[in-house]
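Chain by chain, the residues:
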Amino acid sequence: MNDVIKLLTNHRSIRKYSEQPVTDEQLESIISAAQGASTSSNMQAYSIIRVTDQDVRQRLSVLADNYSYVMECPVFLVWCADLYRLRQAYQQHGDPEQGYFGTMENLIVATVDATLAAQNAAVAAESMGMGIVYIGGIRTNIAEVAELLKLPKYVYPVFGMCIGYPDQAPGLRPRLPREAILHENTYQPDKLPAPLADYDHTMKEYITRRTDGKRTSTWSEDMANKLKAPARMHMLRFLESQGFLEDQEDLDK
Ligand SMILES: Cc1cc2nc3c(=O)[nH]c(=O)nc-3n(C[C@H](O)[C@H](O)[C@H](O)COP(=O)(O)O)c2cc1C
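In the nomenclature of an unreviewed UniProt entry, the protein chain is known as Oxygen-insensitive NADPH nitroreductase of Paenibacillus xerothermodurans. A UniProt comment under Sequence similarities (unreviewed entry) is attached to the protein chain, and it reads "Belongs to the flavin oxidoreductase frp family."

Examining the domain arrangement of the protein chain
If you check the domain split of the protein chain, you get domain 1 (3–171) and domain 2 (178–217). Each of domain 1 and domain 2 has a C-alpha centre, and these two points are 29 Å apart.

Quick notes on the site of the ligand
Taken together, 14 residues lie near the ligand, and H11, S13, R15, Y69 and G136 sit nearest. Between G136 and the ligand, the recorded distance is 2.7 Å, taken from a backbone N or O atom to a nitrogen atom. Contacts to the ligand include G137, whose backbone N or O atom sits 3.0 Å from an oxygen atom. Here the ligand has 620 Å² of accessible area as a free molecule, and 70% of this is covered by the chains. The greatest single-element share of the shell around the ligand, amounting to three residues, is contributed by strand 3 (residues 131–135).

As for the pattern of salt bridges
Close approach of charged atoms allows side chains with opposite charge to pair. Summed over the entire model, instances satisfying the criterion amount to eight salt bridges. In this structure, R50 engages D24 in a salt bridge whose closest nitrogen and oxygen atoms are separated by 3.7 Å. A residue pair is termed long-range when its members are at least 10 positions apart, and R50 in strand 1 (residues 46–50) and D24 in helix 2 (residues 24–35) qualify at 26 residues. Using a relative accessible area of 38% as the deciding quantity, one classes R50 as partly exposed.

A closer look at the UniProt feature "domain: Nitroreductase" (unreviewed entry) in the protein chain
Using the residue numbers shown here, the UniProt feature "domain: Nitroreductase" (unreviewed entry) corresponds to residues 9–61 and 106–165. End C-alpha to end C-alpha, residues 9–61 measures 29 Å, and it is 40% helix and 9% strand. Taken end to end, residues 106–165 comprises 48% helix and 25% strand; its first and last C-alpha atoms sit 35 Å apart.

Section: the sheet that holds strand 2 (residues 75–82)
With respect to topology, four strands assemble into an open sheet ordered 1-2-4-3, the strand pairing being antiparallel. For this open sheet the edge positions go to strand 1 and strand 3, each flanked by a neighbour on one side alone. In this sheet, neighbouring strand axes are inclined to one another by 25° on average, regardless of whether the strands run parallel or antiparallel. Taken together, the five bridges between strand 1 and strand 2 define a ladder with antiparallel strand orientation. Counterpart to I48 in the pairing with strand 2 is W79. In the packing of helix 5 (residues 84–91) onto the sheet, contacts are made with strand 1, strand 2 and strand 4 (155–164), and the angle to strand 2 comes to roughly 50°.

Observations concerning the side chain of D113
Relative to the helices and strands, D113 is located in helix 6 (residues 104–127). No salt bridge forms around the buried D113; measuring N to O, its nearest opposite-charge neighbour R85 is 7.5 Å away. Side-chain polar atoms of D113 contact the backbone nitrogen of A45, separated by 3.1 Å. Setting aside chain neighbours within four positions, we find D113 in contact with S38, T39, S40, M43, Q44, A45 and Y46.

Quick look at the pairing of strand 3
When a strand is regular, its side chains alternate between the sheet's two faces. Of all five residues making up strand 3, four are buried, and the element is well covered by its neighbours. Sheet topology places strand 3 next to strand 4; five bridges connect them, and they run antiparallel. Pairing of G131 across the sheet is with G164, part of strand 4.

Definitions and limits used
- Residues numbered from 1 in each chain as written.
- Predicted model: local features only at pLDDT ≥ 70, side-chain atom pairs only at ≥ 80, totals over all residues.
- Heavy atoms only, no water.
- UniProt positions renumbered as here; feature names shortened; annotations may be inferred.
- Domains from an automatic or database assignment.
- Near = heavy atom within 4 Å.
- Polar contact = N/O pair within 3.5 Å; in protein donor to acceptor, adjacent residues only side chain to side chain.
- Areas by Shrake-Rupley, 256 points an atom, 1.4 Å probe, with all protein chains shown as cover.
- Helix = DSSP H or I, 4+ residues; strand = E, 2+ residues; numbered from the N terminus.
- Salt bridge = Lys/Arg side-chain N within 4 Å of Asp/Glu carboxyl O.
- Buried < 20%, exposed > 50% of the residue type's maximum accessible area, 1.4 Å probe, protein only.
- Pairing = 2+ DSSP bridges.
- Axes fitted to C-alpha atoms, helices over the stretch in contact; angles between N-to-C directions.
- Contact = heavy atoms within 4.5 Å.
- Lys, Arg positive; Asp, Glu negative; His and termini not counted.

Given below as structure tokens:
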């Protein structure tokens, strides 16, 4: 195992940070790493908002499921899928009303671009001894978050990310056995039950240990509970209000 693979397989989310600051130079390296990620057709359809204003940060931490670490972490970044800048580029060469920006395909492109860039940033930060946690919680009150960050049309916040030096050392969270996620040539549903049963066993042990016996559920139980209720059902309407997917029905005709 080389050092990069060691780093990647040693990831754990960090939710408590020390006072040690992240310097501007370090943050520049993290952002350069993010920009080095692959990007669909070189569209670079993402933007990053660094939130330094304490009032905005406070508001965001409340909007994002009340996570205290959003307020407390040294650096908080919001990763946005962004077709607005591409619309600006288009405008230099034609009437943007004739262009297609908020289509389902572009929504996927921009979401993937933002995610790849963010994961590069995460790895860069971890390579410098820092820790990170993604914050999907910013989608819980996404309209308020978009307003707070003054996001224009064709931009949406995919997730936030806390970055800083760890003040905790959580255990490594076991992942699914490889056989459950890796197929050869075709999808093989018959091969799933055995590794899922193994993983349930592993996770039950892990969660019992991590919570001193307060929780003893298996992974499949946790997932079933999660998927019993709809989550963030406002997303479609919000995305439409930001200019995404609004022409989809006309285009389908
Ligand atoms: C897109 C995304 C959104 C996430 N959102 C949150 C969040 O809002 N709050 C949180 O505490 N953790 C969040 N996480 C962290 C996951 O819970 C964590 O990565 C997962 O449980 C695996 O644990 P590990 O990262 O320590 O290996 C998020 C992770 C991802 C990839």
